[in-house]
Structure formats: structure tokens, C-alpha cells
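Per-entry structural report
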Amino acid sequence: MVKPIVQDKGMDHTIDFLRDGYFYFSKRMNEYQEDVIGSRIFGRKLVMLRAEEAADLVKDTTKFKPEKSISELSASSLREENGVFYLADIDQHQEKAWFQDVFSAEKREELEAIIRQRWEERIEAWKINPSIDFVAEMEEMWVIAVCNWLGIPIRANNLKQRTTDIQELVQLFSKYGFNRWKRKQAKNRIEKWLVFLIRQLRAGKIHVDEEKILSKLAWYEDESGQILQTGKVVQELLFLIRTFAASGRWVVFCQIALIENPELKERLQVDHQYVDCFIHEVIRFYSMIPFAVAKTQEQLFWKEMFFDKNQLVLFDIHGINHHPDKWLHPDLFQPDRFLDILPDFGEGAAKELASANENITMQLMKISLSYLLRTDWIAPNQTFTCRGTEIPARPKNGMPLDFYHQSFVEDM
């Protein structure tokens, strides 16, 4: 017997979604006490899923395919670590042949070294100009870092525009819904810039270290022995730029968590296992990307419910990471909840092996967290609210902070 999917009342819920943002899906599921609900947003019918076992369903590429209009939120990128769900498209990208060739362990180490160097430079600059917008600083710093790592030359006089364009590329949704027009304009400018660089490189008019990813991709040969088309190289570079620039948002949320929970800082400075707990809790609590999207390949039945062909399905990442049946006090920031879940690798070879196998996002978060724990900040505004309709999430009014150091205190 076919079980009907509970339908949200009303013709279209776009306004509700734009008002409630991330919380719209969980509010509806909590209201109906269901983990599967049908709705309509932006004129499209969709089914919202929150059940944990639904994650395996939407990741099944024999049953589901990406939704091309928002491929960045593809459910095939959905990952689960110790009960926490998030999108990790860079891990999925590693399956590509060229990625294996250019993204070695040495390249990961190089990226880490570059990020550490950028942090050292920023800290020195903050000693001179301590009043900053931390969000803007992280956005610019991560753009510089990823361009340095890829081997993409970026001039100081173009840095502001490049940062703005790349952040528009990162921003999938704004408070007005799909961020399509601004993203398209920004993407066009970035593509023209990258096409110019690739053509100049291939013509021998500019020099890029041959070990850099830009050079390797520009000269990468496919199975037929032909170098990749310029457009293909641009698309792969765009993916890497967008993915790693977005990682800077996680650093912002690490900073928010530290400011709003100052009692955690001392323990984080000495307890390596607690650092892992903190990182997991940041990803769970803030759920920067709130949902994953997929579309059915064919008609299918799941838990006696019928899904038609090309049915749009949304997996509620924020909802499952805050599910009251799964988490105790889900709306509280509590890293201790992971103490009995995460293994303690201690020090030495076991820890090095664990770090080598760690996903890239968490690895980069740990590096940045180590610098946040070494610095102190004064937050004029102790409350940092985020618009639930912005994807990825970010503080609504930026993040004004004062970098705290001895000479700054003397000047006050």
C-alpha cells in the first residue's frame, strides 16, 4: 500500500522560505511531526527529507542525479562524519584523473603553509590597524591564499574586485533568493581573467611555476594525448577557487563560536581531542550549507512512499544536524557532545596518520583555529546574527572586531 507524502498547506511557500530561511524546513517538519514533507518553493514542487537514512538514498547515483540549476548543492557531495552532515564537494572532486595528478600530499602541505603565511601577515597588519571587519578580512585572505596556491597571479590593484567577484561566485543565495544575476556577472569577469592567463601562459608570455596547479592544468593531457580545452581548464579552476574561498566562511564561524563561548578557549589551547570536538560542533551547529538537492532518475518507492521521475528532493542538512531525536539540546553549542564519539589519536604516528586522512575542510579549519586561539579580540557587538536565506551563511552586518594586543591597549 502506497503511503501518501504529507503536503504542506498552501499554493507556494517562497515567501515563507525567504522569511524563515534555513529554519523553514525544520519548522514545517516539526509542525507536521514528519521527516518527509512535500512543498512548493519558487514555483517548483519538491519533497523535503530529514530522516538520517534518507542521506544514503539521495547520494545513490543510480536513483538520483544533480539538479543542474544548483549543481553546487548536489546531494552526491553529501558527507557524514561522526553523525554530522555537510557538503564536501572537494572530496568528491578527487575522483577526477587530473585531480589525483596535481593534488598530492605535497600540494596539501603547500596549501597549509600558504595559509599559515597569510595568517602571519594578517596578524602583523592587525597590530598596526586593529579595528577590522573580520568577515571581509577572511574573504580577502582566502582569495589571496587560493590564488597563491593555484599559481594564479593577482595584482594588488585588482585584489578588491577579484575578491568581490569570487565572493559573489561563492554566494548561491542572497536575501532575495537565487543570486543569479550578480553571480553571472562576477563569473563572466573571472572567466575572462582566467582565459587570458591560460592563453598568455600557453603562449609563453607569462611565467608560472610549472609545479603550480595553474601550469599543470594548462598543460594537462587527456587520455588521447590532447591538452585540455581552455574552457575546461577554466571550469576546473573556478571550482577550486569557489570551493576553497568558501572555506573561509567556516573560519568566521569558528571565531563567532570562540567569542560567544570564551570559556572554551583555554581548554582548546591544550586539548587536541577537544579541538576535533569543537570543529565538529561548529559544522553541526552552524550548518553553513543548509540543504542538499537531487532529482530522481526514474520513478521509485522509498518507505512505501512514491517519488515520480524528475522529482526534486531536498535533504535538510541543517534539520538533521539539529534534529531533537538525534541531538540532546541541539540548539546549544556544546562540543562536549562529541567527547565519547571521536577517537583520541594522542600524539605521534597515529595522529599524523589521522591528519593525512582527514578531509581538507576540517584540516584547514584546524590551521586557522590554531591562530584564533593565539590571538585575542574585543567584540563591540557581541551578537552576530546571520540571514537564514544566505547560502553559504555569513553574519548579516559583517563582523567588526578590534584586535587585542599590548600596544593597542596602551593607545586606548
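Rules of the game
- Residues numbered from 1 in each chain as written.
- Predicted model: local features only at pLDDT ≥ 70, side-chain atom pairs only at ≥ 80, totals over all residues.
- Heavy atoms only, no water.
- Core = buried A, V, L, I, M, F, W, Y, C linked by side-chain atoms within 4.5 Å.
- Buried < 20%, exposed > 50% of the residue type's maximum accessible area, 1.4 Å probe, protein only.
- Contact = heavy atoms within 4.5 Å.
- Pairing = 2+ DSSP bridges.
- Helix = DSSP H or I, 4+ residues; strand = E, 2+ residues; numbered from the N terminus.
- Axes fitted to C-alpha atoms, helices over the stretch in contact; angles between N-to-C directions.
- Salt bridge = Lys/Arg side-chain N within 4 Å of Asp/Glu carboxyl O.
- Parallel < 35°, antiparallel > 145°, perpendicular 65-115°, else oblique.
- Left-handed = near helix turned anticlockwise from the far one by under 90°.
- Nonpolar A, V, L, I, M, F, W, Y, C, P; charged D, E, K, R; others polar.
- Phe/Tyr/Trp six-rings, centres within 6.5 Å; stacked < 30°, edge-to-face > 60°.
- Lys NZ or Arg CZ within 6 Å of the ring centre and 35° of its normal.

Looking at the nonpolar core
Counting 132 residues, the largest nonpolar core has Leu49, Phe134 and Phe315 as the members making the most contacts within it. Not counting chain neighbours up to four residues away, the residues in contact with Leu49 comprise Met29, Asp35, Val36, Ala54, Leu57, Val58, Trp302, Phe307, Val313, Leu314, Phe315 and Asp316.

Some points on the sheet that holds strand 4 (residues 64-65)
Ordered in space as 1-2-3-13-10-4, the 6 strands form an open sheet in which the pairing is mixed. Each having just a single partner strand, strand 1 (6-7) and strand 4 make up the two edges of the open sheet. Each of strand 1, strand 2 (36-41), strand 3 (44-49), strand 10 (291-296) and strand 13 (312-316) is contacted by helix 2 (residues 23-32), which is oriented at about 135° to strand 2, the strand it contacts most.

A look at the pattern of salt bridges
Summed over the entire model, instances satisfying the criterion amount to 31 salt bridges. A network of salt bridges, in which partner residues are shared, links Asp8, Asp16, Arg19, Asp20, Lys27 and Arg28.

Quick look at the packing of helix 6 (residues 105-128) against helix 16 (residues 360-372)
Angle between the axes and distance between the axes: these two values describe a pair of packed helices. Contact pair helix 6 / helix 16: the axes reach a minimum separation of 10 Å and the direction vectors enclose 25°. By the angle between their axes, helix 6 is roughly parallel relative to helix 16. Along this stretch, helix 6 crosses helix 16, giving a crossing that reads as right-handed. Contacts between helix 6 and helix 16 pair Arg108, Leu111, Glu112, Ile115, Arg116, Trp119, Glu120 and Ile123 from the former with Ile360, Gln363, Leu364, Ile367, Ser368, Ser370, Tyr371 and Leu372 from the latter. Residues belonging to the contact of helix 6 with helix 16 are distributed by class as follows: 9 nonpolar, 3 polar and 4 charged.

Re the pairing of strand 10
A regular strand carries its side chains on alternate faces of the sheet. The element strand 10 is extensively covered by neighbouring structure, given that 6 of its 6 residues are classed as buried. Burial along strand 10 is two-sided: Phe291, Val293 and Lys295 facing one way and Ala292, Ala294 and Thr296 facing the other are all buried. Strand direction decides the pairing type here: strand 4 and strand 10, joined by 2 bridges, are antiparallel. Pairing of Lys65 across the sheet is with Lys295, part of strand 10. Pairing between strand 10 and strand 13: 5 bridges, direction antiparallel. Bridge assignment links Val293 to a residue of strand 13, and that residue is Leu314.

Notes on the packing of aromatic side chains
For the structure shown, the criterion picks out 20 aromatic pairs. Summarising the aromatic geometry, the rings of Trp126 and Phe403 are spaced 5.9 Å apart at their centres and angled 50° between planes, so their arrangement reads as tilted. Of this pair, Trp126 sits in helix 6 while Phe403 sits in strand 15 (residues 400-404), placing them 277 residues apart in sequence. What makes Trp126 buried here is its relative accessible area of 2%. Between Phe285 and Phe333 the ring centres are 5.6 Å apart and the planes differ by 90°, which places this aromatic pair in the edge-to-face class. Here Phe285 is found in helix 13 (residues 272-286), whereas its partner Phe333 is found in the loop between helix 14 (317-320) and helix 15 (349-357), with 48 residues between them in sequence. Aromatic rings pair up to connect Trp119, Trp126, Phe134, Tyr371, Trp377 and Phe403 into one cluster. Over the aromatic face of Trp193 sits the side chain of Arg162, whose NZ or CZ is 4.3 Å from the ring centroid. A cation sits over an aromatic face here: Arg284 above Trp327, 5.4 Å from the ring centre.

A short note on the sheet that holds strand 7 (residues 131-133)
If you walk across this open sheet you meet the 3 strands as 7-15-14, and the pairing is antiparallel. Two strands lie at the open edges of the sheet, namely strand 7 and strand 14 (376-378), each paired on one side alone. Averaged over neighbouring strand pairs, the angle between their axes works out to 45° when direction is ignored. Relative to strand 15, strand 7 is paired through 3 bridges, and the arrangement is antiparallel.

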